[in-house]
Amino acid sequence: MSTATPIPTREDSSVVLYDVSWEEYCNILAGRGDHRFYHTYDNRVLEIMTVSRTHEWEKKLLGMLVEGIALATEVDICCLGSSTHQREDLLKGLEPDECYYIANEPVIRSKVENIDLQIDPPPDLVIEIDVSNSSIPRLPIYAALGVPELWRYAKRQVSIFSLDSDCKYQTVSNSTAFPFITADKLSEFMQESTSEADSRRVRRFVAWAVEQSEKG
């Protein structure tokens, strides 16, 4: 592989590199400095992608929702944002748009800086925004890493995926982390008019979520 790594030059653009060793992949991650790129690595193939403001806005909106619900319902979570999750033994790694430890929050509470996915659990919930399609399928990587739940926003719809016993994702109607939350309700929230401030939209949804959790 060339030592000069091509850098995407505009939002929602990407480059794909082939025959990239694990060491080269880690060196690229270490050398990215202040540049904000998403890296998807799968069996020696590496995609480096930039993302648009729309992508960042949508991921933060869903992230605010998760964090607001957790605060309002007094559920302990650990927010790890777009931190890199990888396993050398699987030759897989990537940065989610947002990710959270929920059921396993107590397990990693004291070791956030030293999480090793070969011995520690993966995040309980990952958020993926599909504004532009990745050249490398990302759901199989999350499945290989053992992420139990994924929310995917694409074409103005939120889908909830749950990992089954065969390590494959199945589409489900309700969240496992927050059983009172449905994919339909999340989609409805994301389709609301942008004439209202994000914080107000989130507060309304959180108030509804609290009502649902108290019914259950």
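Scroll up to find the structure this text is about.
Quantities reported herein were computed from a predicted structural model and do not represent experimental measurements.

Participant: Sorry, what's going on with the sheet that holds strand E5 (residues 85–87) here?
Facilitator: In a beta sheet, neighbouring strands are held together by backbone hydrogen bonds and run either parallel or antiparallel to one another. Ordered by their spatial adjacency, 5 strands build an open sheet running E1-E3-E2-E6-E5, and the pairing between neighbours is antiparallel. Edge positions in the sheet fall to strand E1 (14–17) and E5, since each of these pairs with one other strand and no more. Averaged over all pairs of adjacent strands, the angle between their axes in this sheet comes to 10 degrees, without regard to strand direction. Of the pairings in the sheet, the one linking E1 to strand E3 (residues 45–49) comprises 4 bridges and is antiparallel in character. Residue Val16 lies in a different strand from E3, and its bridge partner there is Glu47.

Participant: Explain helix H6 (residues 198–215) to me, please; I cannot follow it from the model alone.
Facilitator: In an α-helix there are 3.6 residues to a turn, and that puts residues three or four apart on one side. The terminal C-alpha atoms of H6 lie 26 Å apart, and with 18 residues this matches the ideal 26 Å at 1.5 Å per residue to within 8%. Every buried residue of H6 is accounted for by Arg201, Val202, Phe205, Val206, Ala209, Val210 and Gln212. Those residues of H6 that are buried are in contact with helix H2 (53–72) and helix H5 (183–190).

Participant: Before we go on, may I ask you to explain the pattern of salt bridges in this structure?
Facilitator: Any two side chains of opposite charge can pair, so long as their charged atoms come close to each other. The final tally for this structure, using the stated rule, is 14 salt bridges. As a salt-bridge pair, Arg138 and Glu128 come within 2.8 Å of each other at their nearest N and O atoms. Here the residue Arg138 occupies a position in the loop between strand E8 (125–129) and helix H4 (139–145), and Glu128 occupies one in strand E8, the gap between them amounting to 10 residues. According to the relative accessible area criterion, Glu128 is buried, its value standing at 3%. The shortest N-O distance in the salt bridge between Glu192 and Arg201 comes to 3.6 Å. The exposure class assigned to Arg201 is buried, which follows from its relative accessible area of 1%. Three or more residues are tied together by salt bridges with common partners; here these are Glu56, Lys59, Lys60 and Glu98.

Participant: In this structure, what is going on with the packing of H2 against H5? I would like to understand it.
Facilitator: Each pair of packed helices can be described by the angle between their axes along with the distance between the axes. One can describe the packing of H2 onto H5 by two numbers: an axis separation of 11 Å at closest approach and a directional angle of 125 degrees. Considering the angle they form, H2 stands oblique to H5. In the packing of H2 onto H5, the handedness of the crossing is right-handed. On H5, the residues that touch Glu58, Leu61, Leu62 and Leu65 of H2 are Leu186, Phe189 and Met190. Each residue belonging to the contact of H2 with H5 can be placed in one class, and the counts come to 6 nonpolar, no polar and 1 charged.

Participant: Explanation requested: the sheet that holds strand E9 (residues 149–154) in the structure shown.
Facilitator: Sheet architecture is open: 6 strands sit in the order E4-E7-E8-E9-E10-E11, paired in mixed fashion. Looking along the sheet, the strands with just one partner apiece sit at the ends: strand E4 (78–79) and strand E11 (169–172). Packing against the sheet, H2 makes contact with E4, strand E7 (98–101), E8 and E9, and its axis sits at approximately 155 degrees to E8. Across the sheet, H5 lies against E9, strand E10 (157–163) and E11, angled at about 145 degrees from E10, the strand it touches most.

Participant: Explanation requested: the nonpolar core in the structure shown.
Facilitator: Within soluble globular proteins, side chains that are nonpolar generally end up buried alongside one another. Membership of the largest hydrophobic core comes to 27 residues, with the highest contact counts inside it found for Leu62, Ile69, Trp151, Phe178, Ile181 and Leu186. Among the secondary structure elements, those contributing two or more residues to this core are H2, E8, E9, E10, H5 and H6. Beyond its immediate chain neighbours, meaning those up to four positions away, Leu62 contacts Ile127, Ile129, Trp151, Tyr153, Leu186 and Met190. Ranked by size, the runner-up nonpolar core spans 18 residues in total, among them Cys78, Leu117, Ile136 and Leu145.

What counts and how
- Residues numbered from 1 in each chain as written.
- Predicted model: local features only at pLDDT ≥ 70, side-chain atom pairs only at ≥ 80, totals over all residues.
- Heavy atoms only, no water.
- Pairing = 2+ DSSP bridges.
- Helix = DSSP H or I, 4+ residues; strand = E, 2+ residues; numbered from the N terminus.
- Axes fitted to C-alpha atoms, helices over the stretch in contact; angles between N-to-C directions.
- Expected span 1.5 Å × (residues − 1).
- Buried < 20%, exposed > 50% of the residue type's maximum accessible area, 1.4 Å probe, protein only.
- Contact = heavy atoms within 4.5 Å.
- Salt bridge = Lys/Arg side-chain N within 4 Å of Asp/Glu carboxyl O.
- Parallel < 35°, antiparallel > 145°, perpendicular 65-115°, else oblique.
- Left-handed = near helix turned anticlockwise from the far one by under 90°.
- Nonpolar A, V, L, I, M, F, W, Y, C, P; charged D, E, K, R; others polar.
- Core = buried A, V, L, I, M, F, W, Y, C linked by side-chain atoms within 4.5 Å.

In short, shape yes, function no, at least from these values alone.
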